[in-house]
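# Summary of the model geometry
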Amino acid sequence: MTEQPTALVIDDERQMRSLLRIVLEEDHYRVLDYESGRQGLSEIASRRPDVVLLDLGLPDLDGLTVLKRLREWSHVPVLILSVRDGPEDKVTALDLGADDYITKPFEAAELLARLRAVQRRVVSEKDEAFFQAGHLGIDFTAHTVTVKGKEVKLTATEYALLKVLAQHAGKVVTHKHLLREVWGPNAEEQSQYLRVYMTHLRKKIEAPGAKEKLLRTESGIGYRLVLPLKE
Amino acid sequence: MTPKAALLTVAAPEVYYGDDRTADRDRTGASRYELLRHGRISPLAGMSEYALAAVFTALVTAISVALEPFTGYESIALLYLLLVVALGLRMRRGVVLTVAAASALLWNFVFIPPRLTFYIAKVEDGMMFAMFFIVAVAMGHLTTRLRRSELAERRRERRTAALYELAHQAAFASDLDTGLRAAVSLVESIFATPVALHLRGQDHALSPAPHAASTLALSAAELDDAARVFAGASASENVRRGEAQILHVPLQGRAAGMGVLSIRTERPLDASEKELLEAFAVLIGLTLEKDHVMEAFKRAEILEASARLSRTLLESVSHELKTPLAALQTGVDALAQQTANDERAAATIREMQWALRRQHRVINNLLDMNRLESGVVHPKLDWCDMGELAESAVELAGDALAGHSIAVEVGTDMPMVKADPSLLERCLSNLLLNAAANSPPGSTITVRARMDDGALRLSVLDSGPGISPEDLPRIFEPFYRGAKSRPGGTGLGLSIVDGFVRAHGGGVAARNRAEGGAEFVMRIPVEILQPQVLERLG
């Protein structure tokens, strides 16, 4: 990221806006902030930010409505900030096109890592041939996976699963999304397949005894391939 | 009172339904109902119809004797015929036919010459006597039949009216008790007997306490009979207990028995009375059931409204508590960014961050406790892999486990189970936090998952000092904190585990292990999916 990225914050709490501005500016973002959903939407259209931080509890338009309207015309990465911490709330937002979800209160380091991750998508869509996260390496052209430089054999399904997670590295991918991508649209409710293959995949790619796991479970929501904080 | 008036009172009581029956049987029953109905006895009420008929016949004979010199003996036959018709409209068939035969003989004996003999001299007199005999008997027969069908008609009418009245009272009573009181007093007045009403209780068994409208108290033995009829809930039953004969009629709703109506009878009821009583019982049963359904409906509505209110309230409380916390957290983190090079400031900020995390946990626990108490926690079942669940629970517990090593024991044959992954994850993570707080740093905490007789058995074992005996029975109580527990806890973590596990229909227990340390076991009945089944899938 050579240029200074622009983050657009939509949150009705004044305090939260000003503190987020401080944290984000400290991390070299240009920050725009708005307290209403309508205003935020029109500013996204004119200012073209690199990433949007959206609070769900807005006074004028519900955050989910803002998200839905935004997704009608924009692919800008959206990170949801909310005090609602139920899995249902998160899945709803993710299904509506949010890139990730973070519950308030959150730690700044976590927020910044998620922000970097949601912007990564733009990079990974340019048909990257190689993917590297910690000890894991994926060669998308040769369909090979290495752990600490050693090649591991994955079945076609395991590879497909890992590929989807790597393409969304750092972001949570919902069960539904994974099932649809790997098994097709008719498998969206067959979550047991996913559990089995994730277990197999973990056994093959997680470094034994490692404290930090690469594949993180988001209970009731989905999975996340974690990017190490400092690459 | 003239004999005539007495006869009418006896033969056509206005309310008593079995009046045709009293006309067909002996009068003692009728007189009893008369007594109950009017509180007095008419002078002739006890006299049998035969005696009355004899009195009337004698009267007509006396009048005829007086009239005969002016009218001739032939016209007297018409007077007797009139008597037969008149009695036929009021009295039973046997009496009327007897009177018809007697008047024929009397006419012959007293009036047809030669008088005061049964001998008939003239052929035309003989023919007249024979024809009179036939006509009188036929008239008696026809008039009694007419009366009988009229009575049946009236009975049907009254029965319909009574049922209508009951239905009306049941449907339009301002509340159930008023309706039942009206029904009981109706049954009481119709059958002239005290009534006991026992309804179905909360436990779906017959309540031993009579409904307030009851006018009859059942003995313990009679109550047992009523309970048996209720349990059978099909036929009514007549039971003799000492002096009293009690008839128990089940109050049958469409789906379930709603109670038993019992009346005291000194003689068995006849078919039509029983039929009427049973029709009443059906009506009362349906009314009770309707009321019951309405009550359940109202309760469900209230429950739903209160659940909705709790959810809204919880959401806004959660918002109000967490928003300033989020601002504090972000602010402190911003300070940390700005003072990265100042060791003293960094140390201060670390303490603040630690306090904030703790505050966050406390708020989450309080909110969860509140959710559990308002009954808005409903597990959302999905397939869970126990290895995965244990990993994410460890993740959730976070830094607090840093000083311990965690061993996860999940057998390779462990099937997938259907449970709410986020609730179970919270339970497991709370148990891990509890174990970490109560066992020495560096020791091992074990998470063990296995199937036990169709239930998931998920346990957390530590190698700490164990749980003191006085704490053991109270350890899952909200806000309970053991005498030797460390400062900093809220005493909510374990009760939340208890609540979430209960929400799954399971239970959690704590015990001290023989080899030292405490063990917490969650046992949850679950649907399972054998791993082999899935191995075969694509």
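Just so it is clear, the structure is predicted and the values come from calculations on it, not from any experiment. (Residues numbered from 1 in each chain as written. Chains lettered and ligands numbered in written order. Predicted model: local features only at pLDDT ≥ 70, side-chain atom pairs only at ≥ 80, totals over all residues.)

Helix and strand content of chain A: eight helices and twelve strands. Burial statistics for chain A: of 231 residues in total, 38% are counted as buried. In chain A, once contacts between residues fewer than 6 apart in sequence are set aside, the share between residues at least 24 apart is 57%. (Helix = DSSP H or I, 4+ residues; strand = E, 2+ residues; numbered from the N terminus. Buried ≥ 20, exposed ≤ 12 C-beta atoms within 10 Å, placed from the backbone. Contact = placed C-beta atoms within 7 Å.)

Here we take up helix H9 (residues 220-232) of chain B. Residue and element names in this part refer to chain B. Here H9 contains 13 residues, and its C-alpha end-to-end distance of 18 Å stays within 8% of the 18 Å for a straight helix at 1.5 Å per residue. Listed as buried for H9 are Glu222, Leu223, Ala226, Val229 and Phe230. For H9, the angular spread of the buried residues around the axis is 115°, confining them to a single face. Across from the buried face of H9, at angles greater than 90 degrees, the exposed residues are Ala220 and Ala221. (Expected span 1.5 Å × (residues − 1). Arc of directions from axis to C-beta.)

Here the focus is the sheet that holds strand S3 (residues 51-55) of chain A. Residue and element names in this part refer to chain A. Pairing is parallel across the open sheet formed by five strands, whose spatial order is S2-S1-S3-S4-S5. The open sheet has two edge strands with one neighbour each: strand S2 (30-34) and strand S5 (100-103). Adjacent strand axes in the sheet meet at a mean angle of 20°, parallel and antiparallel pairs treated alike. Inspection of the sheet shows S3 paired to strand S4 (residues 78-82) by four bridges, in the parallel sense. Bridge pairing in S4 places Leu53 opposite Leu79. Contacting strand S1 (6-10), S2 and S3, helix H2 (residues 37-47) runs over the sheet at an angle of about 165° to S1. Along the sheet, helix H3 (residues 63-71) contacts S1, S3 and S4; its crossing angle with S3, the most-contacted strand, is approximately 150°. (Pairing = 2+ DSSP bridges. Axes fitted to C-alpha atoms, helices over the stretch in contact; angles between N-to-C directions.)

The subject of this paragraph is the interface of chain B and chain A. Across the boundary between the two partners, chain B contributes 33 residues, which contact 29 residues of chain A. For the side of chain B that touches chain A, the secondary-structure elements that each account for two or more residues are helix H10 (271-338), strand S5 (382-384), helix H12 (386-397), helix H13 (421-437) and helix H15 (531-535) of chain B. Ranked by the residues each element gives to the side of chain B that touches chain A, the list is headed by H10 of chain B, at 14 residues. Here the side of chain B that touches chain A is built from residues that sort into eleven nonpolar, 13 polar and nine charged. (Nonpolar A, V, L, I, M, F, W, Y, C, P; charged D, E, K, R; others polar.)

A word on unusual backbone geometry. Residue Pro105 of chain A is reached from Lys104 of chain A by a cis peptide bond, and omega for that bond is -5°. Along the polypeptide, Pro105 of chain A turns up in the loop between S5 and helix H5 (108-124). The residue after Pro113 of chain B, namely Pro114 of chain B, is reached through a cis peptide bond having omega -5°. Note on placement: Pro114 of chain B falls in the loop between helix H6 (93-111) and helix H7 (123-172). Phi at Lys148 of chain A is positive, roughly 50°, even though this residue is not glycine. Looking at where Lys148 of chain A falls in the secondary structure, it is placed in the loop between strand S8 (144-147) and strand S9 (150-152). Even without glycine at this site, Leu116 of chain B takes up a positive phi of about 60°. Note on Leu116 of chain B: 9 C-beta atoms within 10 Å, which makes it exposed.

Our focus in this paragraph is the sheet that holds strand S11 (residues 215-218) of chain A. All names here are of chain A. Judged by pairing direction, the sheet is antiparallel, and its three strands sit side by side in the order S10-S12-S11 without closing on themselves. Two strands bound the open sheet, and with one partner strand each, they are strand S10 (172-174) and S11. Across this sheet, the average inter-strand angle for adjacent strands is 30°, counted without regard to direction. With four bridges connecting them, S11 and strand S12 (residues 222-225) associate as antiparallel partners. Of the residues in S12, the one forming a bridge with Arg216 is Arg224.

It is worth spelling out the nonpolar core at this point. Ranked by internal contacts, the top residues of the largest apolar core, which has 63 residues, are Leu54 and Ile80 of chain A. With six residues, helix H8 (residues 191-205) of chain A is the single largest residue contributor to this core. Not counting the four nearest positions on each side in its chain, Ile80 of chain A is found in contact with Leu54, Leu56, Ala93, Ala98 and Tyr101 of chain A. One finds Cys384, Ala393, Leu428 and Leu432 of chain B within the second-largest nonpolar core, a separate group that totals 43 residues. (Core = buried A, V, L, I, M, F, W, Y, C linked by C-beta atoms within 7 Å.)

The next thing to look at is the pairing of S5 of chain A. Here four bridges tie S4 of chain A to S5 of chain A, and the two strands are oriented parallel to one another. The partner of Ile80 of chain A across the bridge, within S5 of chain A, is Tyr101 of chain A.

Residue and element names in this part refer to chain B. Topologically, Thr144 is positioned in helix H7. For Thr144 and Arg93, which are 51 residues apart along the polypeptide, the C-alpha to C-alpha distance reads 5.7 Å. Excluding its chain neighbours within four sequence positions, the residues that come into contact with Thr144 are Gly88, Arg93 and Val96.

So, about H2 of chain A. All names here are of chain A. Those residues of H2 that sit buried are Gly37, Gly40, Leu41 and Ile44. The buried side chains of H2 occupy one side of the element, clustering within an arc of 100° when seen end-on. H2 presents Ser42, Ser46 and Arg47 as exposed residues on the side facing more than 90 degrees away from its buried surface. As for H2, its buried residues are in contact with S1, S2, S3 and H3. Of the residues trailing H2, Arg48 is marked for its positive phi of about 50°.

Residue and element names in this part refer to chain B. The buried fraction of strand S9 (residues 455-461) amounts to five of the seven residues, a majority that puts the element mostly inside the structure. Note: strand S8 (residues 444-452) against S9, seven bridges, orientation antiparallel. In the sheet register, Met451 faces S9, and the bridge partner there is Leu456. As consecutive antiparallel partners, S8 and S9 are separated by two residues, and within that stretch Asp453 has a phi angle of approximately 55°, a positive value. Judged from the seven bridges that link them, S9 and strand S11 (residues 518-525) form a sheet pairing that is antiparallel. Bridge pairing links Val460 to Phe520 in S11.

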